[in-house]
Structures are given as C-alpha cells and as structure tokens.
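Each chain is listed here by its residues.
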Amino acid sequence: MKPSKFLRALLRNTAACSVMAAMATQACASTAVLARNDAKTKTPIQHVIIIVGENRTYDHLFATYVPPKGSTRNLLSEGIINADGSAGQNVVAGAQLMASDTDEYSNSPAITGLYRKLPVPTTEFVHTSPSDTDPPPFETIGAAKAADYGLEDSDIPLLTTGASGLPFKSADTRIPNAMHLPDQPFELTGLYDAYLNSPVHRFFQSWQQMDCSVNYATAENPSGCRNDLFPWVEVTAGFNEGSTADGFYNVQKGDMGYFTSLANTYAMADNYHQPIAGGTGANSIMLGFGDLLYYSDQFGNPATPPAKQIENPDPRAGTNNHYTNDGYSAGSYVNCADQKQPGVKAITSYLKSLYYKPAPNCQKGAYYLVNNYNPGFLGDGSLDQSKFHIPPVTTRSIADDLNDHGISWAYYGEHWDAYVAGLPNAYCNICNPFQYQTQIMTDPKQRKEHLKDTLDLYAAIQSGKLPAVSYVRPQ
C-alpha cells in the first residue's frame, strides 16, 4: 500500500510548514489561523494531528517485524513463529484453547482443551465480487474515486480488488490449508489486497477472548491475561468468523511495505492498548471524553434504557456460551455498578483480585454504552430518531477544554459534507466523539468551525491554516 494523499500532502509541504509524521513545528505558526493560545506551547511543536484507524492489532500487521534499532515484542521475538512464518520453538504459547461456559458469563471460563485444528476462517463479512452499489470493493474506478478522495489517483485501483470470489459466509479457502489449520497463528501472505473477515470486537466477547484470571498472573504478566480464547468466543458467542483473529501478515516477505517504511523511519508503539475492550463507537467516545457515556434523561441524569438494549452475556439455556442478549442491533448498555447485572460480577471480581486493585469507576445507576450505537445528533444538529442511539449528552469533552483554553481544533471525518447534505456516503458517525455532545452539535458556529470533511484538511495543509489540534478519521 502506498502513502495516502493526506500523508503525501504533509510530506511535500515541509517547505511552508515543517511537518514530521503527525507533528508540525513552529514553521507553520506564521501562516496558520491561530486561536488566542495556539502559539503558547512549551515546545516548538505547534500542531498535533491524531489519525484514527482501527481494527488491527500489532501482531496482525507486524508479527515478523524486526526494528533497525532497539527491540520489539511480537510473535517472532517470542519464538511463536519464525521469520518465514513457520512454527517457532515456542509455538505452543500461541495456541488457542476451548472452554465451557453454560451457566453464567465468565471472563475466564473453564478450559476444556486445545483445538485439534482451528475453526475454519470464513467469509462472513466479505463480498464475493466487486460492486458499485454495495462495496467494497468497487466495480469501477469512477465509483471508487468518488467514494475515497483520500487516495492518489494511482492508488484508486486498490479499491477495486480483493473480493473473495467465494460464497458469502463460506470457508475462506484463499487462506492456505484453511480447512485444516493447526492450532497456531497462520500466515496471510499473498492476501494483502484481499478483503478478509473481521473478528468480533465487542465488550464482553473481548474480555472473554483475553481469558484474564489472577490464577494465571506472573511477574511478567501481572494481569493474568492469556489471550487464548479468540476462536472459541468467535464460534460460541453467536458469531461466525472462525479463527480469523489468528491471521498475520509477514513483513519479512514483503507484506506491509509502506507501513514497514514508516515503522523504520519513525517511532512506533508496539505496546499500545485500546482504551476499552470493545467496538469502534465506545473507543471513539473514549478518545473525546476519556470515559464512557451513559444512557441519560433530558437533564443528563442516569436513566434506564429499554430492556432489550441492555447487555446479557449469560449463555442461553442449553448452549455453551451463546449470549442471551447481544449483537450489533441489540444489547450495548451495562450498569457496571450493579453486581447483579449479567456479566458485571465476573469482571469486577477479577479486578478486585489483582494486587494493584484497579477500580471499576462505575457511577451508581448509570448504564454505560460499551459497544456501538448512533450518536444523539445528526450532522445538521437535529436529533437522531433511529432506534439504536444514545441520547444527547452534556458531558464535557476535550473539545470543551480546547475551547476554554483558546486552542484551535477540528475533527475531520471523511464524507462529512455528504453526510450533512443527506447524500449517500461512507461517513462514520459513531467515530466522531463530538457528535454525541449537545454543546457542540446544537451550536451552528461550533459545528461549522470544528466539524469538517477531510477535503478541508487537505486545504488547510496546503494553505498553512491547520488548527493546533486535528482529529482525522479517513474512511
């Protein structure tokens, strides 16, 4: 994959605005539109750009990466795999386990054994062929170009390849030996431009996948999280992705060429942990608020959401771990201060068992949004009337702090303009933390000044009028 138009714009405009990776220096200050305190920094850095991606783990992308200097911790360094992607001397550390959970939810259920072979990865969310009406990938260059103006023209063809050529929700036989995968991470080399399945990433599933227990804790692993139940949760909790979470690309064989060049040139966090074990919406909220939001009444007080929207990860009768109420259009709220709520006691008891005693920090009576629901507002500031949305909130966010301290900022979401105009688009509404917030969304001036399209970002870079703080969400 080649650099995006955004990154190329940053790199080729260093003469006017000295930019390095995601930070620009004092050189930009003279041409930017400054808020009253933009220039009052303790370092020469005048601009910070937060580029928000998602749904990729370090080992998925950099399992065999070796840095030019220093060290990293990945499947290769741990001896789980060799540089050629084959099983390493410590491959057993990468094995995935089976478990039993038939009574009530457990974040560390009883282990029943190893897989003789991994569950077959599937094409659950992968299109069989290209389409301009139901992408990705796209059927024509024109449709692809209209949909993603963040790419250079030479890169647009990348959006037209990668369809599976296989029946929907079938075995993904593009993966070598897909029907008989041994119980270890498997290589995806040769499939870098392919659309592959997406592992489940929801709150209670993520906790179960991590398999955390104080009984497993060691000096090296004080959390006691073994990360060994990913396929089991996939196939038991009501989803159909198989062992897709075990796949990795191999940079030693040329995968991830552009990202490898970035890793070799700049600093990289190989031990970053997402704010919340869960989906896009909840993690986007954490980005803006530093906390989760809860279901509230018109005055901002905690309220009880509709019963069917409350999570219940306890297994259905007669099943092994098929959740009672969960799914992309069902449960998403959790009252984590109430130990009698399904799933809550398991996680809070685990936290209390750790020697460093992390606090749950749950407000009494508050049902927190732990997965994906629409924000309370549409792009024009009107209320979202869809069935699955979180009511508008007045909770303070980083936007309030930036405004109060006279620091310019903007959130650039790709296809924002089309979204506001009510046109077909690929804008991600759950990705914008400020779209949940009353004080931003009900003020036309705030919306106009701070909520923008990525096209506005490219223009701001070219003109030297980049805000001090920019959030960027490519699509």
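Residues numbered from 1 in each chain as written. Predicted model: local features only at pLDDT ≥ 70, side-chain atom pairs only at ≥ 80, totals over all residues. Heavy atoms only, no water.

**Student:** Tell me about the packing of helix H4 (residues 203-210) against helix H8 (residues 344-353), and name the residues and values.
**Tutor:** Viewed as axis vectors pointing N to C, H4 and H8 meet at an angle of 45 degrees, and their least axial separation amounts to 11 Å. It follows from the interaxial angle that H4 and H8 lie oblique. The handedness of the crossing between H4 and H8 is left-handed. Each of Phe203, Phe204 and Trp207 in H4 lies in contact with H8, whose residues at this interface are Ile347, Tyr350 and Leu351. A class-by-class count of the residues in the contact of H4 with H8 yields 6 nonpolar, no polar and no charged. (Axes fitted to C-alpha atoms, helices over the stretch in contact; angles between N-to-C directions. Helix = DSSP H or I, 4+ residues; strand = E, 2+ residues; numbered from the N terminus. Parallel < 35°, antiparallel > 145°, perpendicular 65-115°, else oblique. Left-handed = near helix turned anticlockwise from the far one by under 90°. Contact = heavy atoms within 4.5 Å. Nonpolar A, V, L, I, M, F, W, Y, C, P; charged D, E, K, R; others polar.)

**Student:** Please provide a residue-by-residue account of the confidence of the model for the protein chain, values included.
**Tutor:** Note: predicted coordinates in regions of low pLDDT should not be interpreted at a detailed level. Across the protein chain, pLDDT averages 91, with 92% of residues at or above 70. A low-confidence stretch, residues 11-32 stays under pLDDT 50, and its non-local contacts, those more than four residues away or across chains, total 44 contacts. (pLDDT = per-residue confidence, 0-100.)

**Student:** Before we move on, can you summarise unusual backbone geometry with the specific residues and values?
**Tutor:** Backbone torsion omega between Pro135 and Pro136 reads 0 degrees, so that peptide bond is classified as cis. A cis amide bond, omega -5 degrees, links Pro136 with the succeeding residue Pro137. Looking at the element boundaries, Pro137 is found in the loop between strand S5 (110-114) and helix H3 (141-147). If you check the backbone angles, His415 has positive phi at about 75 degrees while not being a glycine. Among the residues examined, His415 registers a relative accessible area of 7% and is labelled buried. (Buried < 20%, exposed > 50% of the residue type's maximum accessible area, 1.4 Å probe, protein only.)

**Student:** Got a sec to walk through the state of the cysteines? Specific residues and values, please.
**Tutor:** The final tally for this structure, using the stated rule, is 3 disulfides. At a sulfur-sulfur separation of 2.0 Å, the disulfide partner of Cys212 is Cys225. Its S-S torsion of about 110 degrees marks the bond between Cys212 and Cys225 as right-handed, since a negative value means left-handed. Residue Cys212 is found in the loop between H4 and helix H5 (230-236), and its partner Cys225 is found in the loop between H4 and H5; the two are separated by 13 residues along the sequence. Assessed through its relative accessible area of 2%, Cys212 is described here as buried. Residue classification places Cys225 among the buried positions, given a relative accessible area of 18%. The partner cysteine of Cys428 in its disulfide is Cys431, sulfur to sulfur 2.0 Å. (Disulfide = S-S within 2.5 Å.)

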